[in-house]
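Examining the three-dimensional arrangement
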Amino acid sequence: MSDPQTPLLVRVARKRAEALDICSLDLVAEPGHVLPAFSAGAHIDVHLPNGLVRQYSLCNPPGNPALYQIGVLRDAASRGGSQAVHDAVTEGSTLHISTPKNHFPLATDAAHHLLLGGGIGITPLLAMAEQLARDGASFELHHASRSRERTAFVERMAASPFAQQVHHHFDDGDAAQKLDIAALLQQAAPGTHLYTCGPQGFMDAVLGTARAQGWPEARLHFEFFGAAPVDTSGDGSFELEIASSGQVIVVKPDQTALAALQAAGLDIPMSCEQGVCGTCLTGVKAGTPDHRDLYLTPEEKAGNDQFLPCCSRACSARLVLDL
């Protein structure tokens, strides 16, 4: 059995253009390594040739896989991750990856599953659709994208057993086929669970509409791919107190809380550094965090008993951390 802390060595068995600026990678285990089973909604950390670590959702059918498949958009606003996948990773390349992690699982008690993907956010939803179809569960998948040529996995979905449950919505198409989020959510049957993934603007619209319509938080499931830029010009310094030792660490205005903790010798697990993946989640015993992440739910943020030091700061002068 694979140690979840030990990176797996994989080889790119196939690299394929799936749409304009989107490629897929089929990853197979190198000798001495085994790909663990995964559940729909899971992602892996991929260690790229330029030293960056990025999270990508697994989009092949879940279970006991012969390979892991990921889809990657070449993002014009990339900090170097997607560019490395497109330009530096080729068929035959070897990469280190983590074992799968799942912060975006399917609900087991849902009467119906409504999957809403924006752009490359289709990837985890594809694995969900595969699982739901295999289980004979009630679901529908809606995929909004800029145009047909920028839509990945169209042929795969058209040839799948769940093709009749897939609905495409193109921004450049006629008005009748465009995604009406409010109407779709309003028409959802009682007990429906909503799953959404994609660009932040799309997800903000989906989740904002659902909450305005009174959907309970327990039936909203989401995973962000990346955070929008945050204005940090007004950031000031604040203090972090380590509850176990009493050590006080000053976080400078141009420094993240995570960087300050690491500079002080504390080993905090981290991955995305954007407040998306939850790896660095840290307990807060006193003080009020300034939550800037996309991981915690509104209720969890309101509790003020945890925060993500990679991106969040403090509203109070000091945070006492459960470390």
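The structure reproduced in this document is the subject of the present report. (Residues numbered from 1 in each chain as written. Predicted model: local features only at pLDDT ≥ 70, side-chain atom pairs only at ≥ 80, totals over all residues. Heavy atoms only, no water.)

1. Digging into the sheet that holds strand S16 (residues 306-307)
If you walk across this open sheet you meet the five strands as S13-S12-S18-S14-S16, and the pairing is mixed. Of all the strands in the sheet, just strand S13 (248-251) and S16 have a single pairing partner and so form its edges. With two bridges joining them, strand S14 (residues 282-286) and strand S18 (residues 318-321) adopt antiparallel strand pairing. By the bridge assignment for S18, Val284 is matched with Leu321. (Pairing = 2+ DSSP bridges. Helix = DSSP H or I, 4+ residues; strand = E, 2+ residues; numbered from the N terminus.)

2. Some points on the environment of Ser138
Considering the arrangement of structural elements, one finds Ser138 in the loop between helix H2 (122-135) and strand S8 (139-145). When sequence neighbours within four positions are dropped, the list of residues in contact with Ser138 reads Ala111, His112 and His113. Side chain to side chain, Ser138 and His112 meet in a polar contact 2.5 Å long. (Contact = heavy atoms within 4.5 Å. Polar contact = N/O pair within 3.5 Å; in protein donor to acceptor, adjacent residues only side chain to side chain.)

3. Description of helix H1 (residues 81-88)
All of the buried residues in H1 are Gly81, Ser82, Ala84, Val85 and His86. Packed against the buried residues of H1 are strand S1 (8-19), strand S2 (22-29), strand S4 (53-57) and strand S5 (68-73). (Buried < 20%, exposed > 50% of the residue type's maximum accessible area, 1.4 Å probe, protein only.)

4. Here's the deal with unusual backbone geometry
The backbone phi angle of Phe153 is positive, close to 65 degrees, even though this residue is not glycine. On the secondary structure map, Phe153 appears in the loop between S8 and helix H3 (154-158). By relative accessible area, which is 2% here, Phe153 ends up buried. Unlike most non-glycine residues, Asn304 shows phi in positive territory, near 55 degrees. When you line up the elements, Asn304 lands in the loop between helix H7 (298-303) and S16. Owing to a relative accessible area of 24%, Asn304 belongs among the partly exposed residues under this scheme.

5. With respect to the pattern of salt bridges
In a structure, side chains of opposite charge can pair up when their charged atoms sit close to one another. Scanning all chains against the criterion turns up 14 salt bridges. When the shortest N-O distance is used, the salt bridge between Asp235 and Arg313 registers 3.7 Å. Taken as a pair, Asp235 in the loop between strand S11 (220-224) and strand S12 (238-242) and Arg313 in strand S17 (residues 313-314) lie far apart in primary sequence, 78 residues in all. Judged by relative accessible area, Arg313 falls into the buried class, the value being 6%. Ionic pairing is found between Arg318 and Glu241, a salt bridge with its closest N-O pair at 2.9 Å. (Salt bridge = Lys/Arg side-chain N within 4 Å of Asp/Glu carboxyl O.)

Honestly, that's just the spatial picture; any functional story needs more than this.
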